[in-house]
Amino acid sequence: GASVPSSERTGCAVEACEGNGADLALIRVSTYDTLGEEVLYPEEFPTRSVNDDYDIGVRRDGTLAQVNTAENSVLVGGRKGKGKTTTVYGFLGRYAEMVDVITCVIDLKGDVIRPFSMPYVEERAEYPVIDWPARTPAQGIRMCKALIRAAKARAASPQLAALKREHNMNMPPFSPDWPQFMLFVDEGKGITGSGVTDPELVELARLIDTIREMYRGQGFNVFVTNLRTIATAHGGTDARVQSAILMLMSSKTEEIRNTFDDTAGISQADFPHKGNALVAEDSGRPVAIACYNALPDTVDRIAVACSGRHPDPGDAGLPRDSPLGPRPARRDVPERRA
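All figures in this text were calculated on a predicted structure; none of them were measured in a lab.

(A) Inspection of the packing of aromatic side chains at higher detail. On inspection of all chains with the given rule, the structure shows 9 aromatic pairs. Measuring from centroid to centroid gives 6.4 Å for Y41 and F45, while their planes differ by 35°, and the two rings are tilted. Side by side, Y41 and F45 carry an identical accessibility label, which is buried. One residue, R154, lies across the ring of W178, its end atom 4.2 Å from the ring centre.

This is the structure in structure tokens:
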């Protein structure tokens, strides 16, 4: 990737970590500004499962920054121009690679849905990697209501009880026959913000909150991006409590303290570059990473290479009257162009 000019470098960091005893600490001294590098999304698109950890960037020491969203909702915050959109592209790219997920996206602006959908629209991919896009509040409401009906059906399904018993788990692992549903909501403040009064948006916000708060056990999670992570950006609902993975792009110290539980000694200087983020899981101490930058041509290649990996939404438990499923027969889809 491209390096940050030396005149813009901020030096290397020192991190204090747990030692191998209660009275010991490990001091990590960086000798290279890894966070100052542009880290491009890897060009390999391996077949993945949502049950497994996957990388979304690189830590300060050069190791891969991995997360697991099998049972976790995600909240990403950050000011404009700090890399939220390309970070979402990175997550959607990883979800495109998986064989046991259904990806639903509410994107009222359209800048997230469009690049992943164009290969399908242009007949270069057999199926879209975003299984259900919603560009208007009405489409989002229809989507969320269908997801809630599907979640309720799963909750009452003998199959769920059988899977729990088979795997001896409260939440069985996902598979193409029992996929996870991840609802991505881009720029959520325009939907869930406390100043939103449009009746359709208010209803949509209520449905998103219902999915996030009630149906994790049935395999339904929510991924939201927002300019702010404070409660007023989420209609008074503290989305941080319901989101096990918190990410914050370059922001002021006040926003850092509002987002994470353990922020002692952390400031904007710890993740100063565009595309940098602090990431915390389960109220842990946030760590700084350089998120993958998924450029438009890479997104295009992802959408072509990963077409058809997701299960048929109509076979995955969604009501048959939803616009998402079932998929058209393969013969009804135009042939790929050379």
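Having seen it, we continue.
(B) Broad picture of the environment of G188. Looking at the secondary structure, you find G188 in the loop between β9 (180-185) and α5 (189-192). Note on G188: relative accessible area 1%, which makes it buried. Taking C-alpha positions, G188 is 9.9 Å from G77, a pair spaced 111 residues apart along the chain.

(C) A look at the pattern of salt bridges. Counted under the stated rule, the structure contains 13 salt bridges. The partner of R212 in a salt bridge is D209, and the shortest N-O contact between them spans 2.7 Å. One end of the pair, R212, and the other, D209, are both in helix α6 (residues 199-214), 3 residues apart, so they sit about a helical turn from each other. When its relative accessible area of 11% is taken as the criterion, D209 is described as buried. The salt bridge involving D297 is made with R301; its shortest N-O contact spans 3.7 Å. Separated by 4 residues within a single helix, D297 and R301 lie in helix α9 (residues 296-305), roughly one turn from each other. Salt bridges linked by common partners bring R48, D55, R94 and E97 together as one network.

(D) Examining the packing of helix α2 (residues 113-121) against α9 more closely. Relative orientation of the contacting elements α2 and α9 amounts to 50°, with a least axis distance of 8 Å. Classified by the interaxial angle, the pair formed by α2 and α9 is oblique. For the pair α2 and α9, the crossing hand works out as right-handed. Contacts between α2 and α9 pair P115, F116 and P119 from the former with V299, D300, A303 and V304 from the latter.

(E) Looking closely at α2. All of the buried residues along α2 are I113, F116, S117 and P119. The arc enclosing the buried residues of α2, seen along the axis, measures out at 150°, which places them on a common side. Each element contacted by the buried residues of α2 is listed here: α1 (84-97), β7 (101-106), β8 (132-134) and α9. Of the residues trailing α2, E123 is marked for its positive phi of about 65°.

(F) Region of the structure containing helix α3 (residues 137-155). Taking 1.5 Å per residue as the helical rise, α3 with its 19 residues ought to reach 27 Å, and the 27 Å between its terminal C-alpha atoms agrees with that figure. When we look at burial in α3, the residues that qualify are P137, G140, I141, M143, C144, A146, L147, I148, A150, A151 and R154. Along its buried surface, α3 packs onto β7, β8, α4 (158-167), β9, α6 and β10 (220-226).

(G) Representation of unusual backbone geometry within the structure. Phi at E123 is positive, roughly 65°, even though this residue is not glycine. Here E123 lies in the loop between α2 and β8. Taking the relative accessible area as the measure of exposure, E123 reaches 30% and is therefore partly exposed. With a phi angle near 55°, N168 is a residue other than glycine that sits in the positive phi range. Topologically, N168 is positioned in the loop between α4 and β9.

Each value, and the rule that gives it
Residues numbered from 1 in each chain as written. Predicted model: local features only at pLDDT ≥ 70, side-chain atom pairs only at ≥ 80, totals over all residues. Heavy atoms only, no water. Phe/Tyr/Trp six-rings, centres within 6.5 Å; stacked < 30°, edge-to-face > 60°. Buried < 20%, exposed > 50% of the residue type's maximum accessible area, 1.4 Å probe, protein only. Lys NZ or Arg CZ within 6 Å of the ring centre and 35° of its normal. Helix = DSSP H or I, 4+ residues; strand = E, 2+ residues; numbered from the N terminus. Salt bridge = Lys/Arg side-chain N within 4 Å of Asp/Glu carboxyl O. Axes fitted to C-alpha atoms, helices over the stretch in contact; angles between N-to-C directions. Parallel < 35°, antiparallel > 145°, perpendicular 65-115°, else oblique. Left-handed = near helix turned anticlockwise from the far one by under 90°. Contact = heavy atoms within 4.5 Å. Arc of directions from axis to C-beta. Expected span 1.5 Å × (residues − 1).

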